[in-house]
Amino acid sequence: MQTIMVTGATSGLGRALVEILSKTNRIICVGRNQAALNELATLENVIETVACDLGDPRDCRELMAGRDVDVLVNNAGVLPSRAGFVDLSEDAINAMVDVNFRSVVHLTQAAVRGMQERGHGHVVFVGSSAGRFPHPGATVYGASKAAVSLFADALRIELVDRRIRVTEVVPGRIRSNLYREAIGNDASGELYDEYEPLEPQDVAEAIAYALRAPRHVDVSRIEIMPIGQAVGGGRTVKKTEMK
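What comes next is a walk through the structure. (Residues numbered from 1 in each chain as written. Predicted model: local features only at pLDDT ≥ 70, side-chain atom pairs only at ≥ 80, totals over all residues. Heavy atoms only, no water.)

### Some details on the overall build of the protein chain
Operational definition: What counts as a helix is a DSSP run of H or I of at least four residues, what counts as a strand is a run of E of at least two, and both are numbered from the N terminus. For a compact globule the rule gives 2.2 Å times the number of residues to the power 0.38, and the radius of gyration it is set against comes from C-alpha atoms. With a 1.4 Å probe rolled over the protein chains alone, any residue whose accessible area is under 20% of its type maximum counts as buried; one over 50% counts as exposed, and the rest are partly exposed. Contacts: residue pairs with any heavy atoms within 4.5 Å of one another. Charge assignment in this entry is limited to Lys and Arg as positive and Asp and Glu as negative, and neither His nor the chain termini are counted. Charge positions come from single atoms, namely NZ of Lys, CZ of Arg, CG of Asp or CD of Glu.
Secondary structure summary: the protein chain contains eight helices and seven strands in total. For a compact globule of 243 residues, the expected C-alpha radius of gyration is about 18 Å, and the protein chain comes in at 17 Å, within 12% of that figure. Summarising its shape, the C-alpha atoms of the protein chain cover approximately 50 × 40 × 35 Å along the three principal directions. Classification of the 243 residues of the protein chain by burial places 49% in the buried group. The long-range fraction of contacts in the protein chain, counting pairs at least 24 apart against all pairs at least 6 apart in sequence, stands at 66%. Across the protein chain, 27 positive and 31 negative side-chain charges occur, with their mean positions spaced 5 Å apart.

Structure, rendered in structure tokens:
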């Protein structure tokens, strides 16, 4: 039984992942919603819940202090606005850089130090198709996820002789609360109702596969798209347009 830390654990993909992984692993749940964390604390094998603002470097440092994890799942992310680049607020830009990338670097560094001492470990990065290919309205968000993707690739090379696995999971359009802050309550109608998006469970199962693969197998990258969205572009087909 491994000890797994999941950031962004209180909703969407993070919550689905906790529900799957807690059946056979010890889970540390990290999130901002205390009420949701309290619910997760009732699940078997959830050994700790931590309320944390990953946009705060001090919170990031304190999060890893004294906690040894076999697996770190960097799932937390923010998309506070889909405004055009010139209209993005300074706060929105800083939030995307701080949470989506800077916190990931700090948490991963602390976790990998312990993994190196123990001689094994696994780091999972939840990326985005917006970080692999250009999407409209995702200049800074896409850049933050592209940074994560290159960071994962470079880290994998650096750790290749350490028995520490590095996996990047790159989902396309997934049903998530991520867009509600940027779009509001119309997110469901605009992004999901007329389409067939991925469900959080779909991506969580892919991550679970990467984690349970034999120790000599490193699932380096998984690109997972809904059937109406192709890898390599931002076009998404509505259900009525499917032939």
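Having seen it, we continue.
### Overview of the sheet that holds strand E2 (residues 26–31)
To keep it simple, the criterion reads: In this analysis, strands are considered paired if DSSP registers two or more bridges between them. Lines are fitted to the C-alpha atoms to define the axes, a helix being fitted only along its stretch in contact, and any angle between axes, read from their N-to-C directions, falls within 0 to 180 degrees.
Read across the sheet, seven strands follow the order E3-E2-E1-E4-E5-E6-E7 without closing on themselves; strand pairing throughout is parallel. Looking at strand neighbours, the two that pair on one side only are strand E3 (46–51) and strand E7 (221–224), the edges of this open sheet. On average, each strand axis in the sheet is inclined to that of its neighbour by 15 degrees, with strand direction left out of account. By the bridge criterion, five bridges tie strand E1 (residues 3–7) to E2 in an arrangement that is parallel. Considered in E2, the bridge of Met-5 is made with Ile-28. On top of the sheet, helix H1 (residues 12–21) reaches E1, E2, E3, strand E4 (71–74) and strand E5 (121–126); it is set at about 165 degrees to E1, its chief contact. Helix H4 (residues 90–118) rests against E1, E4, E5 and strand E6 (164–171) of the sheet, and its axis sits at about 170 degrees to E4.

### A closer look at the pairing of E1
The two faces of a sheet get side chains in turn, since along a regular strand they alternate between them. Counting buried positions along E1 gives five out of five residues, so the element sits mostly inside the fold. Here E1 shows two buried faces, one formed by Thr-3, Met-5 and Thr-7 and the other by Ile-4 and Val-6.

### Re H4
Note the following rule: By this rule the span expected of a helix is its residue count minus one, scaled by 1.5 Å. Two axes enter the definition of the bend at a residue: one is fitted to the seven residues ending there, the other to the seven starting there, and the bend is the angle between them.
When the terminal C-alpha atoms of H4 are compared, their 41 Å separation across 29 residues agrees well with the 42 Å that a helix rising 1.5 Å per residue should span. Where H4 bends most, at Asp-98, the angle is about 40 degrees. Residue Gly-119 follows H4 closely and has a positive phi angle near 85 degrees.

### Considering the packing of aromatic side chains
What counts is decided by this rule: Aromatic rings from Phe, Tyr and Trp, taking only the six-membered ring of Trp, are treated as a pair when their centres fall within 6.5 Å; an angle between ring planes under 30 degrees marks them as stacked, one over 60 as edge-to-face, and anything in between as tilted.
If you walk through the whole model with that rule in mind, you get two aromatic pairs. On the basis of an interplanar angle of 90 degrees and a centroid distance of 6.3 Å, the ring pair of Phe-101 and Phe-151 is categorised as edge-to-face. Taken as a pair, Phe-101 in helix H4 and Phe-151 in helix H5 (residues 139–158) lie far apart in primary sequence, 50 residues in all. With 5.6 Å between their ring centres and 75 degrees between their planes, Phe-125 and Phe-151 make a pair best called edge-to-face. Here the residue Phe-125 occupies a position in strand E5, and Phe-151 occupies one in helix H5, the gap between them amounting to 26 residues. Put simply, the rings of Phe-101, Phe-125 and Phe-151 pair up and form one aromatic cluster.

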